[in-house]
Amino acid sequence: METRLMNASPEAFDAIRPYRDEEVEEVLERLAEDQELLTALLRFKFPRLATSFVAPLLRLLLSRVLKKRLAKIHSIDDLQLYVAGYVARMLATTSKGFSVDGLEELDQDQSYLFVSNHRDIAMDPALVNYALHTREKTTARIAIGDNLLQKPWVTDLMRLNKSFVVQRSAKGVRQMMAAFKLLSEYIHHTLKNEQQSIWIAQREGRAKDGIDHTDPAIIKMFCMAEKKSDKSFAEILGSLNIIPVALSYEYDPLGVQKARELATLEEEGEYAKAEFEDITSIAQGIAGYKGRVQVAFGKPLTNEEMQSPASAAQAIDAQISRLYRLFPSNYLALEALDELGDMALPEFDTATRAAFNEHLAACPPEYRKHWLTMYANPVKNYLKRL
């Protein structure tokens, strides 16, 4: 039976929702003529020419090419198919294989709230949706922070690809609480009224240190939409069909950047991001080498696990730790730190060790301890050493 929220109407979500089918063509036309987007694409493909005297002509030609390629896209599903083809080609060139586990146990006719660990801004939700797509399941809507939407063209691209906005930049307690309540209502509306699944990270920001931890505040936010109802906390949370998801990358394309940030924080007490650093990270995460990649879907939380925000967060953490795939890079990092203890290291061939050492050598010496720790922590977490 359809469950409707008393205080939420579709129009209330216009500022944060993804675009609809009837908006697709207009937005694509706008993007194909956006000079900042065209310049960004030129800088990515032809960095030397992007600032030369021929740049205006190249932007005009690129605009025409984009319009031609996008002419066949008339709906969100059309765009999703286009993106799926790109993800397939990207995985073929930047990974050594992509595997999916646990999806066969999910009901095709059920909407789910996928709560995953967070290692990459764009790739995490893209790979969850690619896993769903390749198994002929409906893709999920994606929660994305407004801190990433620094340009109108970025906002357009994200909202076209089933993303909705998490208003993290709200100022003051009252404004923040209103933003969180609206987000909670949108999540309930999407899952229950529109029967669409959702992907959201287990906490704000990526786990740069390799420690996957669910923020109980996220769990509290999930329940704000029905806070004044007579339902118990477990009943509200249970109605959302939460599924923990573990994303595992053998190698992180942004490993050195993350290690640099952690080292800077340790030495200076703060780290100031460069302008548009997050957008650059998105591009590097997509194009960079990942080794083997796995997406593993867990099981719904039990009633006992949903008695409080803390217990639900702990249950999600436990599943993600169990589902996380430990690669040779994780074990070899623990060995390099001399923190194996009484653990027997699995046998690795010469080629595997050489590949790991090559990645380690690409990291500047001053950041290597943090780089190794980032890879070693999932093993320590699994062994309950953290």
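Attention in this report is confined to the structure presented alongside it.

Leu113, Leu160, Ile187, Phe222, Leu237 and Ile242 are the most contacted members of the largest nonpolar core, which totals 56 residues. The element contributing the most residues to this core is helix H12 (residues 309-323), with six residues. Excluding its chain neighbours within four sequence positions, the residues that come into contact with Ile187 are Leu113, Ile198, Met221 and Phe222. By size, the runner-up hydrophobic cluster in this structure holds 26 residues, among which are Tyr112, Tyr130, Ala140 and Val293.

Residue placement: Glu33 occurs in the loop between helix H1 (24-32) and helix H2 (35-45). Given the relative accessible area of 43%, Glu33 is considered partly exposed. Here the alpha-carbon distance between Glu33 and Leu66, two residues 33 residues apart in the chain, equals 9.0 Å. Glu33 has contacts with Leu38, Ser63 and Lys67, leaving out every residue within four places of it along the chain.

Take the pattern of salt bridges next. One pass over the full model with this rule turns up 19 salt bridges. Glu23 is the partner of Arg17 in a salt bridge, and the nearest nitrogen-oxygen pair spans 3.0 Å. In this structure, Asp156 engages Arg30 in a salt bridge whose closest nitrogen and oxygen atoms are separated by 3.0 Å. Linking Asp156 in helix H6 (residues 152-160) with Arg30 in helix H1, this pair joins segments that are 126 residues apart in sequence.

To continue, consider unusual backbone geometry. Most peptide bonds take the trans configuration, and most residues that are not glycine carry a negative phi. Look at Asn241: it is not a glycine, yet its phi comes out positive at around 55 degrees. With respect to the helices and strands, Asn241 occurs in the loop between helix H9 (233-238) and strand E6 (242-249). Among the residues examined, Asn241 registers a relative accessible area of 23% and is labelled partly exposed. Not every positive phi belongs to a glycine, and Lys384 is a case in point at roughly 60 degrees. Residue position: Lys384 is located in the segment after helix H15 (368-382). Residue Lys384 is classed as exposed on the basis of its relative accessible area of 73%.

Quick look at the packing of aromatic side chains now. The final tally for this structure, using the stated rule, is 10 aromatic pairs. Here Trp371 and Tyr375 contribute two aromatic rings whose centre-to-centre distance is 4.5 Å and whose plane-to-plane angle is 50 degrees, an arrangement assigned as tilted. With a gap of four residues between them, Trp371 and Tyr375 both fall in helix H15, about one helical turn apart. Taken together, the aromatic side chains of Tyr251, Tyr289, Phe356, Trp371 and Tyr375 make up a single cluster linked through ring pairs.

Rules behind the numbers
- The residue count restarts for each chain, going from 1 along the sequence in the order it is written.
- Only residues with pLDDT of 70 or above have their local features reported here, since the model is predicted, and side-chain atom pairs are shown and tallied only from 80 upward, although totals for entire chains, interfaces and linings are computed over all residues.
- Calculated side-chain values reflect all of the structure's heavy atoms, with hydrogen atoms and water omitted.
- Remark: nonpolar core denotes a set of buried residues (Ala, Val, Leu, Ile, Met, Phe, Trp, Tyr, Cys) joined through side-chain atoms within 4.5 Å.
- Think of it in three bands: residues with accessible area under 20% of the maximum for their type are buried, residues over 50% are exposed, and the middle band is partly exposed, with areas taken using a 1.4 Å probe on protein chains only.
- Helix and strand assignments come from DSSP, with helices taken as H or I runs of at least 4 residues and strands as E runs of at least 2, each series counted from the N terminus.
- We call two residues in contact when some of their heavy atoms are within 4.5 Å.
- A carboxyl oxygen of Asp or Glu within 4 Å of a side-chain nitrogen of Lys or Arg is what we treat as a salt bridge.
- Side-chain rings of Phe, Tyr and Trp (the six-membered ring for Trp) are treated as a pair once their centres are within 6.5 Å; stacked means planes under 30 degrees apart, edge-to-face means over 60, and tilted covers the remaining angles.

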